[in-house]
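Here are the chains, one letter per residue:
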There are 2 protein chains.
Amino acid sequence: MADVPARTEMRVTTGPIRGSKKIHVGPLKVAMREIHLEPSSGEPPVRVYDTSGPYTDPDARIDIMAGLPALRRDWIMARGDVEEYDAREIKPEDNGLKGPDRSAGVQPFPNLVKRPLRARAGANVSQMHYARRGIITPEMEYVAERENLGRARLASYVRDGESFGASIPDYVTPEFVRDEVARGRAIIPSNINHPESEPMAIGRNFLVKINANIGNSAVASDVASEVDKLVWSIRWGADTVMDLSTGRNIHDTREWILRNSPVPIGTVPIYQALEKVGGIAEDLTWEIFRDTLIEQAEQGVDYFTIHAGVRLAYIPMAARRVTGIVSRGGSIMAKWCLAHHRESFLYDHFDEITEIMKAYDIAYSLGDGLRPGSIADANDEAQFSELYTLGELTHRAWKQDVQVMIEGPGHVPMHKIKENMEKQLQVCGEAPFYTLGPLTTDIAPGYDHITSGIGAAQIGWYGTAMLCYVTPKEHLGLPDRDDVKVGVVTYKLAAHAADLAKGHPAAQVRDDALSRARFEFRWRDQFNLSLDPETAEQYHDQTLPAEGAKSAHFCSMCGPKFCSMKITQEVRDFAAKKNQPADGFVEAGLTGAETAAASKAAALKGMEEMSRLFKEKGSELYMGAGGRDHD
Amino acid sequence: MADVPARTEMRVTTGPIRGSKKIHVGPLKVAMREIHLEPSSGEPPVRVYDTSGPYTDPDARIDIMAGLPALRRDWIMARGDVEEYDAREIKPEDNGLKGPDRSAGVQPFPNLVKRPLRARAGANVSQMHYARRGIITPEMEYVAERENLGRARLASYVRDGESFGASIPDYVTPEFVRDEVARGRAIIPSNINHPESEPMAIGRNFLVKINANIGNSAVASDVASEVDKLVWSIRWGADTVMDLSTGRNIHDTREWILRNSPVPIGTVPIYQALEKVGGIAEDLTWEIFRDTLIEQAEQGVDYFTIHAGVRLAYIPMAARRVTGIVSRGGSIMAKWCLAHHRESFLYDHFDEITEIMKAYDIAYSLGDGLRPGSIADANDEAQFSELYTLGELTHRAWKQDVQVMIEGPGHVPMHKIKENMEKQLQVCGEAPFYTLGPLTTDIAPGYDHITSGIGAAQIGWYGTAMLCYVTPKEHLGLPDRDDVKVGVVTYKLAAHAADLAKGHPAAQVRDDALSRARFEFRWRDQFNLSLDPETAEQYHDQTLPAEGAKSAHFCSMCGPKFCSMKITQEVRDFAAKKNQPADGFVEAGLTGAETAAASKAAALKGMEEMSRLFKEKGSELYMGAGGRDHD
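For clarity, every value in this text was computed on a predicted model and none was experimentally measured.

A closer look at helix α3 (residues 138–148) of chain B
All names here are of chain B. Counting buried residues along α3, eight of its 11 residues qualify, which places the element largely inside the surrounding structure. Among the residues of α3, Glu139, Met140, Tyr142, Val143, Ala144, Arg146, Glu147 and Asn148 are the ones counted as buried. Tucked into the core, α3 has its buried residues touching β2 (30–35), α1 (73–78), α2 (127–132), α4 (174–182) and β8 (209–214). Looking at the residues trailing α3, positive phi occurs at Leu149, about 50 degrees.

Considerations on the side chain of Asn528 of chain A
Examined against the element boundaries, Asn528 of chain A turns out to sit in helix α17 (residues 523–529). Setting aside its immediate chain neighbours within four residues, Asn528 of chain A contacts Arg18, Gly19, Ile35 and Pro533 of chain A.

Quick word on the UniProt feature "binding site: Zn(2+)" (unreviewed entry) in chain A
Residues and elements named next belong to chain A. In this numbering, the UniProt entry assigns the feature "binding site: Zn(2+)" (unreviewed entry) to His411 and His475. These residues run over 65 residues, yet every pair of their C-alpha atoms falls within 12.1 Å of each other. Among the structural elements, His411 can be located in the loop between β13 (404–408) and α13 (417–427). Only 3.5 Å separates the side chain of His411 from the backbone oxygen of Gly373, close enough to count as a polar contact. By the element assignment, His475 lies in the loop between β15 (466–468) and α15 (481–502).

Examining the packing of aromatic side chains
Each aromatic ring pair is characterised by the separation of its centres together with the angle its planes make. Residues and elements named next belong to chain B. Following the criterion strictly, the structure yields 28 aromatic pairs over all chains and no others. Look at Phe109 and Trp256: their rings are 5.1 Å apart centre to centre, the planes differ by 85 degrees, and that puts the pair in the edge-to-face class. Placement of the pair is Phe109 in the loop between β4 (82–84) and β5 (117–119) and Trp256 in helix α6 (residues 250–259), with a sequence separation of 147 residues. For Phe109, a relative accessible area of 4% translates into the label buried.

Details of the packing of helix α7 (residues 269–276) of chain A against helix α9 (residues 328–340) of chain A
Residue and element names in this part refer to chain A. One can describe the packing of α7 onto α9 by two numbers: an axis separation of 9 Å at closest approach and a directional angle of 50 degrees. Comparing the axis directions of α7 and α9 gives the class oblique. Note that α7 runs across α9; the crossing there is left-handed. Across the interface between the two elements, Ile270, Tyr271 and Leu274 of α7 pack against Arg328, Gly329, Ile332 and Met333 of α9.

Concerning the nonpolar core
Residues Phe289 and Tyr364 of chain A together with Phe289 and Tyr364 of chain B are the most contacted members of the largest nonpolar core, which totals 318 residues. Those residues in contact with Phe289 of chain A, other than ones at most four positions away along the chain, are Pro269, Ile270, Ala273, Ile306, Phe345, Leu346 and Ile353 of chain A.

Thoughts on the sheet that holds strand β3 (residues 46–48) of chain A
All names here are of chain A. In spatial order, the strands read β1-β2-β3; together these three strands make up an open sheet with antiparallel pairing. Each edge of the sheet is formed by a strand with only one pairing partner; in this case those strands are β1 (20–25) and β3. Between one strand and the next, the sheet's axes are offset by a mean angle of 35 degrees, whatever the strand orientation. Both β1 and strand β2 (residues 30–35) contribute to a ladder of six bridges, which runs antiparallel. Counted as the bridge partner of Lys21 is Glu34 from β2. Along the sheet, helix α3 (residues 138–148) contacts β1 and β2; its crossing angle with β2, the most-contacted strand, is approximately 10 degrees.

Observations regarding helix α14 (residues 448–462) of chain B
Residue and element names in this part refer to chain B. Between the first and last C-alpha of α14 there are 21 Å, a value that for 15 residues agrees with the 21 Å anticipated at 1.5 Å per step. Across the 15 residues that make up α14, a large majority, 15, are buried. Residue Gly463 follows α14 closely and has a positive phi angle near 145 degrees.

Structural notes on the pattern of salt bridges
The full count for this structure, using the stated rule, is 97 salt bridges over all chains. Lys276 of chain A is the partner of Asp94 of chain A in a salt bridge, and the nearest nitrogen-oxygen pair spans 3.5 Å. Taken as a pair, Asp94 of chain A in the loop between β4 (82–84) and β5 (117–119) and Lys276 of chain A in helix α7 lie far apart in primary sequence, 182 residues in all. With respect to burial, Asp94 of chain A and Lys276 of chain A carry one shared label: buried. Measuring nitrogen to oxygen at the nearest pair gives 3.5 Å for the salt bridge that ties Glu43 of chain B to Arg522 of chain B. Taken together, the positions of Glu43 of chain B in the loop between β2 and β3 (46–48) and Arg522 of chain B in the loop between α16 (508–519) and α17 (523–529) put the pair 479 residues apart, joining distant regions of the chain.

Some remarks on the pairing of strand β13 (residues 404–408) of chain B
Residues and elements named next belong to chain B. Where burial is concerned, most of β13 is hidden: five out of the five residues are buried. Residues Val404, Ile406 and Gly408 of β13 are buried on one face, and the alternating residues Met405 and Glu407, pointing to the opposite face, are buried as well. Summarising the sheet, strand β12 (residues 363–366) and β13 pair through three bridges and their orientation is parallel. The partner of Tyr364 across the bridge, within β13, is Val404. Assessed by its sense of winding, the connection that carries the chain from β12 through helix α12 (residues 381–399) to β13 is right-handed. Both β13 and strand β14 (residues 433–436) contribute to a ladder of three bridges, which runs parallel. Pairing of Ile406 across the sheet is with Phe433, part of β14. You can see the chain leave β13, run along helix α13 (residues 417–427) and come back into β14, and the turn it takes is right-handed.

Structural notes on the environment of Arg88 of chain A
All names here are of chain A. Topologically, Arg88 is positioned in the loop between β4 and β5. C-alpha separation for the pair Arg88 and Glu298, spaced 210 residues apart in sequence, amounts to 8.0 Å. Setting aside residues no more than four positions away along its own chain, Arg88 makes contact with Asp94, Lys276, Asp291, Ile294, Glu295 and Glu298. Among the polar contacts listed, one links the side chain of Arg88 to the side chain of Asp291, at a separation of 2.8 Å.

Description of the environment of His395 of chain B
With respect to the element layout, His395 of chain B can be found in helix α12. A C-alpha to C-alpha distance of 7.9 Å links His395 of chain B and Gly429 of chain B, two positions 34 residues apart in sequence.

With respect to the sheet that holds β2 of chain B
Strands in a sheet are paired, the pairing made by backbone hydrogen bonds, and the direction either parallel or antiparallel. Residue and element names in this part refer to chain B. Read across the open sheet, the three strands follow the order β1-β2-β3; overall the sheet is antiparallel. Each having just a single partner strand, β1 (20–25) and β3 make up the two edges of the open sheet. Taken pair by pair, the neighbouring strands of this sheet meet at an average axis angle of 35 degrees, ignoring direction. Bridge count for β2 against β3 is three bridges, and the pairing is antiparallel. Looking across to β3, one finds that Arg33 is bridged to Val48. The strands touched by α3 within the sheet are β1 and β2, with β2 carrying the most contacts at an inclination of about 10 degrees.

Considering the pairing of strand β11 (residues 303–306) of chain A
Residue and element names in this part refer to chain A. Here β11 shows a buried face lined by Tyr303 and Thr305 and a second buried face lined by Phe304 and Ile306. Of the strand pairs in this sheet, strand β10 (residues 265–267) and β11 are connected by two bridges, and their pairing is parallel. Bridging across to β11, Gly266 finds its partner in Tyr303. For β11 and strand β12 (residues 363–366), the ladder comprises four bridges, and the chain directions are parallel. Residue Ile306 lies in a different strand from β12, and its bridge partner there is Leu366.

Notes on the confidence of the model for chain A
Residue and element names in this part refer to chain A. Summary statistics for chain A give a mean pLDDT of 86 and a share of 83% for residues scoring 70 or more. Overall, residues 1–9 carries pLDDT values under 50, and its contacts beyond four positions in sequence, including any with other chains, amount to 12 contacts. Confidence drops under a pLDDT of 50 for residues 579–630, and excluding neighbours within four residues, the segment shows 125 contacts in the predicted structure. Listed scores for the predicted complex are pTM 0.90 and ipTM 0.89.

Some points on the packing of helix α8 (residues 286–299) of chain A against helix α11 (residues 350–360) of chain A
Residue and element names in this part refer to chain A. Running from amino to carboxyl end, α8 crosses α11 at an angle of 10 degrees, the nearest separation of the two axes being 10 Å. One way to sum up the angle between α8 and α11 is to call them roughly parallel. Together, Trp286, Phe289, Arg290, Leu293, Ile294, Ala297 and Glu298 of α8 and Glu352, Ile353, Ile356 and Tyr360 of α11 make up the contact between the two elements. By residue class, the composition of the contact of α8 with α11 is eight nonpolar, no polar and three charged.

Thresholds, definitions, all that
- Residues numbered from 1 in each chain as written.
- Chains lettered and ligands numbered in written order.
- Predicted model: local features only at pLDDT ≥ 70, side-chain atom pairs only at ≥ 80, totals over all residues.
- Heavy atoms only, no water.
- Buried < 20%, exposed > 50% of the residue type's maximum accessible area, 1.4 Å probe, protein only.
- Helix = DSSP H or I, 4+ residues; strand = E, 2+ residues; numbered from the N terminus.
- Contact = heavy atoms within 4.5 Å.
- UniProt positions renumbered as here; feature names shortened; annotations may be inferred.
- Polar contact = N/O pair within 3.5 Å; in protein donor to acceptor, adjacent residues only side chain to side chain.
- Phe/Tyr/Trp six-rings, centres within 6.5 Å; stacked < 30°, edge-to-face > 60°.
- Axes fitted to C-alpha atoms, helices over the stretch in contact; angles between N-to-C directions.
- Parallel < 35°, antiparallel > 145°, perpendicular 65-115°, else oblique.
- Left-handed = near helix turned anticlockwise from the far one by under 90°.
- Core = buried A, V, L, I, M, F, W, Y, C linked by side-chain atoms within 4.5 Å.
- Pairing = 2+ DSSP bridges.
- Expected span 1.5 Å × (residues − 1).
- Salt bridge = Lys/Arg side-chain N within 4 Å of Asp/Glu carboxyl O.
- Right-handed = clockwise from strand over helix to strand, strands pointing away.
- pLDDT = per-residue confidence, 0-100.
- Nonpolar A, V, L, I, M, F, W, Y, C, P; charged D, E, K, R; others polar.

Written out as structure tokens, the structure reads:
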């Protein structure tokens, strides 16, 4: 690799996540992660969904210059509906350069694919097209295995939860995946030119997914850090990654990211199109935009954010807003419409765009260019008018069997979140909702991963299929490596909280395993079962650094003398000796007065039991009182 | 102060919060904070609720050795229903010491009050007692002024929100406060021996409050850091502080905290009682506990957490749990009950405890000793059985006009949160609910301020009056100064998100002011209006450190060429020229087909408008596209 300048020998994070082992399940070798617990627990390993790709597999050889193995290549070729052809020639302007001199830029990815794939004339290679013809693709089988996480072993689990009309199955079959994709309720972003991607589904009847945004900007960043951000963000759980790069080297940066990404990559093509016209929105044309779509389609981008819902007539509706139009793509189109006093070319050429999408199986992420940028603007006329148009476009895309998801807000106070979900399901025919946050207040810059995590957990519960992360730097600056991790982990916990509340059959397994570990003072298991083992252990060690503390049956909150966990064993010993538990009058829904009476009755019952116990046992009991929760 | 060892010359944080000015409003000089905006904004200062006390007042002289001025002393004396008496003698065991030698401990607070106050024989000095007799106390007047935050000026504001049956008034009158206290729907914790406290109300019809816990432990910490934590936590917005100290020097630590606290202080007396019997729960007696209540009552503790709901008969119900009993106080009592096979002495002596409470006006915080410590244990028989008993005790305390709030969980998945609020309101006669979190998942140790902030925002929206904060160290270690700040700010934003969703008439003023500042690139105003100005500016400066960037009309996310904020002015110019906005067909609730039609109609309408505009204007428009929200 002597021909490769040192600056592009990218350092990416590899190696297993601590306490975990990479496994490959079933005939398709679906990648999963197993968290192994201390032998003392007597518990089997806990299987968790794994987005990290080969980077966490010690047996995998990672070579950024070569890219990842083409997992899906054979599946794609076997369908016999694609053809190779000479790729569109890469132009200097693709990288924001004036001429052929690339010394200032990023060098091209080695072994560039010169002959990409596209559908044969008249063919449609979208997963939705196959699904609607009753075909179960390997991608669908992969998704089914991946989503189950051994759910078959959970037959015993009692399900509860409120899913607001979702239809989460006890067990995910390939046929279920096919049916969800066929009806448009789920998508499997899988550009045929991104065979490195591990199939995943985005839909309300699957695990809630999260997206991480990366990308350079006009002000900072370079390609090495972008690829590192990709690997770093999927290590912590990002299900898809959007490359929102602007400025120079967009094309080459994207190539490096795609060839090294095991997760679907999304982009906002209008950003690059705008670069090609020197940042002058008025100079944008359908031809330039179309050429950009082809350019990115050949590279393998899995979904495109297209702001085709920003229609001329809606732009004035943003006038009364406190923060107007905050979507970059939305304002580019608004500017174009105002300048040309014409309807958006994205809307006018929508069906032509769809023709391109189906030739590569690129999914639509219909952008919400008029989303609210402040609490004051939430759920207003501009926002919902656009949503109704996105509904119209969803049905138009489906006519050509092209996969669609819908982007959502933004800044929305809690009491207005549910209306967003309900309208989206109604208007867009249950196409997957993909929301940014929403942020539930405007007053906490520096903490917007939290203000938005609150809204994300709720809208995920209500039915959003994928949550776009927000980092602590939101509104303030560009996220660094630590910000990306905090954003991803925050959104993973919000997505998990949503899965729990929806009653996902497998979600609580991990909570219960961690709680048992906590109760039994298996500190290492607690760390390893958490979303961020390093941080958990580091926080623990700040107070109790001694290695012995890892196995100590107490924690720093209460000290060795106090520990409430201990008391429970006594309680269990006691209960074990009872024929039945004390009567529960809880369900009865008693009034204050009745309660007093029932309370007394239960007390008396308890006295008898305790007297009986007194005769039975004598062993001294260890004193415990360790209230983890502060009292 | 030569006689004072250097180690107790506590360094506490003083000085105004940046961009803010301390003001004192009305005849009672109610402390508030005004955030001043750049003159270019043409906006008045934004008034915000201020818990920081004199520490942020440049005109106040802070002397930790002397303590704070006795703001309420005259009000208390003027009521003529209290008497001074010789304080209970402080014993070595009060500080966990074996003998009179205190060299190992914390030296006593200088100028200790030797003659505390208590109600004259037969009198009742609780705010509830006054309220029920129709008396409006200065404390109630103070609260009214404090809660209004100049709401009178907000007549124009349109209220929305879903309050789930709360009765938040447009304007808070002293009579409203009296009525809320009289019916038990709000409390004003105000021990007559803590005259330094600035009156505040806890109730669902007032701003949602937050509590911060501090306290040493058997493993770490000292008094200096405890008092510093107090001042630090109220600086960022803690409305009350609980001293959960255990181990040595409990008495003196508490004295230092109380004499320097402008906010109500809560404790869990059973912790100290347990210290007095060497940590052996079986050795606890009613007499020792009662003596501890008097000791703390004389010091001025404003509310006591009493786990009187942990009844003998409920203990077995915790047997089937994954994490059993996680409340420290709860497990102490469970242990006592099991050891003596007798009903809890807290329950048996409840009315006697109430006699003490009313003599000093100490409020009950009825502890949830059986709260769930894991998702698996949420809303179970043990938890709700205890809740019903807390309901019974609430009504018993109210018979003696003693103020009561109820503590709540814990670990609860989102779909089970609302049931907690509804049952509490029903069973406890709308007594204020005071919840810890709840944590909505168990799998994110290190991020539990967020897993719990998600639950806290929701339960606050449903009606919880005060949210007990959780720090990033929850379950792992003792919070340090930074953890306390992150915990407080996270809970402030959760409480504010709840106020917004409830439709609090004044809540959105701050969001709108910040959003306007954001839209107009008034960076300093953005920082100053945020909950944590330092962090917001620091994050901004990591990408754009130059001083000029503070006034730059762009940010690092998009760079100078892109900025969506700009486009909106054009939109406004356009709209201003229109007679009316484009018709909103949003409310109509259209089907996909109807939408397409309406969408087209609106588009045509837009075309005409734009054509008209074209004739009217010619000025070149600045290109903008800065999507703060990532696209």
